[in-house]
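Residues per chain are reported as follows:
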Amino acid sequence: QVQLVESGGGLVQAGGSLRLSCGASGFTISHHPMGWFRQSPGKEREFEGAISRSGDTTHYANSVKDRFTISRDDGKNTVYLQQSSLKPEDTAVYYCAAGRSEYVRTDTSQYEQWGRGTQVTVSS
């Protein structure tokens, strides 16, 4: 079964850090650029960051630039999102996704496989 599973979310105070993981099974992530998105109640799913197939190119939303870092370990078939200096507005369900092409994209339509999400809650 093709599957992505996020983990590492939780409750953290403002200014704290979390490391989210996304493990893949049933396919190899080395064939895909990988993205992270988030969604809070009543809002559309929004792009947070992406990493190229080779891992040498990353792109981030302005709201998380300089605070979040994407990395990948193809040997473990896993993608990570390191979150630092967390703010209450970062509270959301975070999803990882596998892209359709070799290029880094920001549109949800350009991703073909999605995880079920992990909850991040940042308290004031």
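In the block above lies the structure referred to throughout.
A brief look at the structure comes next. A quick note: this is a predicted structure, and the numbers were derived from the prediction, not measured. (Residues numbered from 1 in each chain as written. Predicted model: local features only at pLDDT ≥ 70, side-chain atom pairs only at ≥ 80, totals over all residues. Heavy atoms only, no water.)

1. Comments concerning the overall build of the protein chain
- Secondary structure summary: the protein chain contains zero helices and eleven strands in total.
- In the protein chain, the order of α-helices and β-strands from amino to carboxyl end is β-β-β-β-β-β-β-β-β-β-β.
- Against the 2.2 N^0.38 benchmark of 14 Å for 124 residues, the protein chain shows a C-alpha radius of gyration of 13 Å, consistent with a compact globule.
- A burial count over the protein chain gives 42% of its 124 residues as buried. (Helix = DSSP H or I, 4+ residues; strand = E, 2+ residues; numbered from the N terminus. Rg over C-alpha atoms; globule rule 2.2 N^0.38 Å. Buried < 20%, exposed > 50% of the residue type's maximum accessible area, 1.4 Å probe, protein only.)

2. Remarks on the state of the cysteines
- In total, this model carries one disulfide according to the counting rule given.
- Disulfide pairing is shown between Cys-22 and Cys-96; the S-S distance is 1.7 Å. Classification of the bridge connecting Cys-22 and Cys-96 rests on its S-S torsion, roughly 50 degrees, and on that basis the disulfide is right-handed. With Cys-22 in strand E3 (residues 18-25) and Cys-96 in strand E9 (residues 92-99), the pair connects residues that are 74 residues apart, well separated along the chain.
- You can call Cys-96 buried: its relative accessible area is 1%. (Disulfide = S-S within 2.5 Å.)

3. Looking at the nonpolar core
- Leu-4, Met-34, Trp-36, Ile-70, Val-79, Leu-81 and Tyr-94 are the most contacted members of the largest nonpolar core, which totals 30 residues.
- Looking at this core, the elements that each hand over two or more residues are E3, strand E4 (34-39), strand E5 (46-51), strand E7 (68-73), strand E8 (78-83), E9 and strand E11 (118-123).
- The leading source of residues in this core is E9, at five residues. (Core = buried A, V, L, I, M, F, W, Y, C linked by side-chain atoms within 4.5 Å.)

4. What to know about the pairing of E4
- With respect to burial, E4 is a largely interior element, five of its six residues being buried.
- Sheet analysis places E4 next to E9, joined by six bridges and oriented antiparallel. Paired with Phe-37 across the strands is Tyr-95, a residue of E9. (Pairing = 2+ DSSP bridges.)

5. A look at the sheet that holds E7
- Read from one edge of the open sheet, four strands run E1-E3-E8-E7, paired in antiparallel fashion. Every other strand in the sheet has two partners, leaving strand E1 (3-7) and E7 as the edge strands with one partner each. Each neighbouring strand pair of the sheet contributes to a mean axis angle of 15 degrees, computed without reference to strand direction.
- The pairing of E3 with E8 spans six bridges and is classified as antiparallel. Bridging across to E8, Cys-22 finds its partner in Val-79. (Axes fitted to C-alpha atoms, helices over the stretch in contact; angles between N-to-C directions.)

6. Here we look at the pattern of salt bridges
- By the definition in use, this model includes five salt bridges.
- Of the charged contacts in the structure, one is a salt bridge between Asp-90 and Arg-38, with a shortest N-O distance of 2.8 Å. Note that Asp-90 is positioned in the loop between E8 and E9 and Arg-38 in strand E4, a separation of 52 residues in sequence. We note that Asp-90, like Arg-38, is buried.
- Note that Asp-90 is salt-bridged to Arg-67, the shortest N-O span being 2.8 Å. With Asp-90 in the loop between E8 and E9 and Arg-67 in the loop between strand E6 (58-60) and E7, the pair connects residues that are 23 residues apart, well separated along the chain. Like Arg-67, Asp-90 is buried. (Salt bridge = Lys/Arg side-chain N within 4 Å of Asp/Glu carboxyl O.)

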